[in-house]
Protein chains: 2
Amino acid sequence: MARRAAKPVTRPVTQPVAPRRLGASQSATRAALLAAAETLLLESGYAAVTSRRVGAKAGLKPQLVHYYFRSMDELFLEIFRRNAEESLARMQRAVATDPSLRTLWQLNADPRGATFIIEFVALANHRKAIRSEIAAYAERFRAAQLEAVTAALAAGGISPEQLPPVAALLVMTGLSQVLTLESTLGVTTGHEETIALVERTITRLASSPNS
Amino acid sequence: MARRAAKPVTRPVTQPVAPRRLGASQSATRAALLAAAETLLLESGYAAVTSRRVGAKAGLKPQLVHYYFRSMDELFLEIFRRNAEESLARMQRAVATDPSLRTLWQLNADPRGATFIIEFVALANHRKAIRSEIAAYAERFRAAQLEAVTAALAAGGISPEQLPPVAALLVMTGLSQVLTLESTLGVTTGHEETIALVERTITRLASSPNS
DNA sequence: GTCTATACTTCGATAGAC
DNA sequence: GTCTATCGAAGTATAGAC
């Protein structure tokens, strides 16, 4: 992976950091690079996201990556933020329309999302700068979902003592993660039965006086 | 990542493949390299497992990695197989002693196991040679666990119609995966409540006539 | 059987011309 | 805003000396 920084670089003391020029964030070229990087990430994993390959995929020179992003970590973070913001917004829109457990469950089923999570968690394992960003987002996402689950369970007459909303949420999250993760591996034993069980349970919780 | 093979290399036609010598599989040096690689994988993610770093961690020359393993993929597979076999065996031993849901749940709680899974699934995302191996193992593990869950539920008087054993298994697997995954990120919101719910549910399923 | 020397590739990043 | 040129570190892998 040709680790970090080519040279220590004797930096002029008057310009403490970021002396390099950086491209505008509205640039179409920048957007193309981001799109190429995102595709690479999903198709081939984060290790495939190198400035050279991103450049090639976008039909551009690899140095442009460094012109628009201070470092590869910054590129990764930009990809993460965009997707995070977008999926948070999508979730909140969907919940605003129909604040049910089924809505949340269906949102989780997006296979792209699970692939993203895997890649970024693995990334976080050796790029500390990325870990905290992911953790912060995870908490934010959890809080927003929790609100929806709490409301949905209350509407179904389920008390928090019978079933803590946060536990219900984690069960759903865990399940959808395993299901999509295994699907990408080609393992699908038991998936059908499990999905059926979730559907039944959601229906039951939506309108019953019992756990 | 300084991708693949230094040179095409003009290979003599009489020696179609694997002309290189390989070290003995009982070698202590080999074991040291494997241990170092495994530690690196867990601590820093698969991208940190490079011949140079593995060598350094083991206090050996990086070239030795290539002497004992034909390629980095082979090293990864060796790590995977060892851990896979061992955890399958451990599970079967535990279940033989006490074939209950709680036994299975406690086995899943091992954080090492979940970290391994994350790393290898991410790896499988762009190393095809590894994917099939993981998928095959997953099916094997699933089948063994399923047997135990089926027996445990039957013993508790739960019919497969009330709760399909394979679905119960996937719920447990998904949960333990999310819990440890989030823990490594430092996110633990709701974990306590969820673990409590699982414990309660296991107790209920172990000895009751109701779903 | 075991390890060293070394080849060659790719990496991130920068400087400076256009 | 983009391209040419280039550096030095790190990557995989092989050939051949002990």
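Being a predicted model, the structure only gives us computed values, none of them experimental. (Residues numbered from 1 in each chain as written. Chains lettered and ligands numbered in written order. Predicted model: local features only at pLDDT ≥ 70, side-chain atom pairs only at ≥ 80, totals over all residues. Heavy atoms only, no water.)

(A) Representation of the overall build of chain A within the structure. The helix and strand inventory of chain A stands at 9 helices and 0 strands. Each helix and strand of chain A, ordered N terminal to C terminal, gives the series α-α-α-α-α-α-α-α-α. Counting over 211 residues, chain A shows a buried share of 46%. Excluding contacts between residues fewer than 6 apart, the proportion of contacts in chain A whose partners are at least 24 apart in sequence is 68%. Accessible surface, chain A: about 10600 Å² in total, of which carbon and sulfur atoms supply 58%. (Helix = DSSP H or I, 4+ residues; strand = E, 2+ residues; numbered from the N terminus. Buried < 20%, exposed > 50% of the residue type's maximum accessible area, 1.4 Å probe, protein only. Contact = heavy atoms within 4.5 Å. Areas by Shrake-Rupley, 256 points an atom, 1.4 Å probe, with all protein chains shown as cover.)

(B) Geometry of the confidence of the model for chain A. When pLDDT is averaged across chain A, the result is 88; 89% of the residues are at 70 or more. Taken element by element, the predicted model of chain A shows its lowest mean pLDDT in helix 6 (residues 111-124) of chain A (88) and its highest in helix 2 (residues 51-58) of chain A (97). (pLDDT = per-residue confidence, 0-100.)

(C) Focus on the interface of chain B and chain A. With 52 residues of chain B at the contact, the number on the chain A side is 52 residues. Taken over both partners, the interface formed by chain B and chain A buries close to 4200 Å², and the fraction arising from carbon and sulfur atoms is 63%. Counting every contact that joins chain B to chain A gives 2 salt bridges. A salt bridge links Glu182 of chain B to Arg142 of chain A, with the shortest nitrogen-to-oxygen separation between them at 2.4 Å. (Buried area = accessible area lost by both parts, 1.4 Å probe. Salt bridge = Lys/Arg side-chain N within 4 Å of Asp/Glu carboxyl O.)

(D) Highlighting the packing of aromatic side chains. Counted according to the given criterion, the structure contains 11 aromatic pairs over all chains. Note on Tyr46 of chain A and Tyr46 of chain B: the rings are 5.1 Å apart at their centroids and 40° apart in plane angle, and the pair reads as tilted. Highlighted residues: Tyr46 of chain A in the loop between helix 1 (28-44) and helix 2 and Tyr46 of chain B in the loop between helix 1 (28-44) and helix 2 (51-58), drawn from two different chains. With respect to class, Tyr46 of chain A is no different from Tyr46 of chain B; both count as buried. (Phe/Tyr/Trp six-rings, centres within 6.5 Å; stacked < 30°, edge-to-face > 60°.)

(E) Region of the structure containing the packing of helix 6 (residues 111-124) of chain B against helix 8 (residues 165-185) of chain B. Residues and elements named next belong to chain B. Where helix 6 contacts helix 8, the axes come no closer than 9 Å and their chain directions differ by 85°. On the basis of the axis angle, helix 6 is roughly perpendicular to helix 8. Of the residues in helix 8, those in contact with Pro111, Ala114, Thr115, Ile117 and Ile118 of helix 6 are Gln177, Thr180, Leu181 and Thr184. Split into classes, the residues belonging to the contact of helix 6 with helix 8 amount to 5 nonpolar, 4 polar and no charged. (Axes fitted to C-alpha atoms, helices over the stretch in contact; angles between N-to-C directions. Parallel < 35°, antiparallel > 145°, perpendicular 65-115°, else oblique. Nonpolar A, V, L, I, M, F, W, Y, C, P; charged D, E, K, R; others polar.)

(F) Geometry of the nonpolar core. Judged by nonpolar contacts, the single largest core of 124 residues is most densely connected at Val49, Leu75 and Phe120 of chain A together with Tyr46, Val49, Leu75 and Phe120 of chain B. Looking at which element gives the most residues to this core, the answer is helix 7 (residues 128-155) of chain B, with 11 residues. Apart from the residues lying within four places of it in its own chain, the contact partners of Phe120 of chain B are Leu41, Phe76, Ile79, Phe80, Ile130 and Ile134 of chain B. (Core = buried A, V, L, I, M, F, W, Y, C linked by side-chain atoms within 4.5 Å.)

(G) Just helix 6 of chain B, in detail. Helix length check: helix 6 of chain B, at 14 residues, gives a terminal C-alpha distance of 20 Å against a target of 20 Å (1.5 Å per residue), a fit within 8%. Turning to helix 6 of chain B, its buried residues number three or more, namely Ala114, Thr115, Phe116, Ile118, Glu119, Phe120, Val121, Ala122, Leu123 and Ala124 of chain B. Close packing links the buried residues of helix 6 of chain B with helix 6 and helix 8 (165-185) of chain A together with helix 1, helix 4 (72-97), helix 7 and helix 8 of chain B. The N-cap of helix 6 of chain B, judged by a side-chain oxygen 3.2 Å from the amide nitrogen of Arg112 of chain B a few residues on, is Asp110 of chain B. (Expected span 1.5 Å × (residues − 1). Polar contact = N/O pair within 3.5 Å; in protein donor to acceptor, adjacent residues only side chain to side chain.)

(H) Summary view of the pattern of salt bridges. Residue and element names in this part refer to chain B. Using the criterion set out here, one finds 22 salt bridges over all chains in the structure. The salt bridge involving Arg30 is made with Glu78; its shortest N-O contact spans 3.2 Å. Highlighted residues: Arg30 in helix 1 and Glu78 in helix 4, separated in sequence by 48 residues. On the accessibility criterion, Arg30 (9% relative accessible area) is buried.

(I) Representation of the relation of the copies chain B and chain A within the structure. In the superposition of chain B on chain A (RMSD 0.3 Å, axial shift 0.2 Å), the rotation amounts to 180°. In symmetry terms, the pair is related by a two-fold rotation axis. Both copies contact each other with a shared surface, as 96% of the interface residues of chain B are interface residues in chain A too. (Least-squares fit on C-alpha atoms with pLDDT ≥ 70 in both.)

(J) Structural context of the packing of helix 4 (residues 72-97) of chain A against helix 6 of chain A. Residue and element names in this part refer to chain A. One can describe the packing of helix 4 onto helix 6 by two numbers: an axis separation of 12 Å at closest approach and a directional angle of 145°. Pair helix 4 / helix 6 crosses with left-handed handedness. Across the interface between the two elements, Phe76, Ile79, Phe80 and Asn83 from helix 4 touch Arg112, Phe116, Phe120 and Leu123 from helix 6. (Left-handed = near helix turned anticlockwise from the far one by under 90°.)

(K) Focus on the side chain of Arg30 of chain B. At a separation of 3.2 Å, a polar atom in the side chain of Arg30 of chain B contacts the side chain of Glu78 of chain B. Beyond its immediate stretch of four places on either side in the chain, Arg30 of chain B contacts Ala24, Ser25, Tyr68, Phe69 and Glu78 of chain B.

(L) Examining a positive patch on the surface more closely. Together, Arg200 and Arg204 of chain A together with Arg200 and Arg204 of chain B give the surface a local cluster of positive charge. When contributions to the positive patch are tallied by element, the ones reaching two or more residues are helix 9 (191-206) of chain A together with helix 9 (191-206) of chain B. Here Arg200 of chain A is to be found in helix 9. (Patch = residues over 30% accessible without salt bridge, like charges linked within 9 Å, V, L, I, M, F, W, Y side chains within 5 Å. Lys, Arg positive; Asp, Glu negative; His and termini not counted. Charge placed at Lys NZ, Arg CZ, Asp CG, Glu CD.)

(M) Fine view of the environment of Pro164 of chain B. Examined against the element boundaries, Pro164 of chain B turns out to sit in the loop between helix 7 and helix 8. Distance from Pro164 of chain B to Thr115 of chain B, taken between C-alpha atoms, is 28 Å for residues 49 residues apart in sequence. Those residues in contact with Pro164 of chain B that sit more than four places away from it in its chain are Glu193 and Arg200 of chain A.

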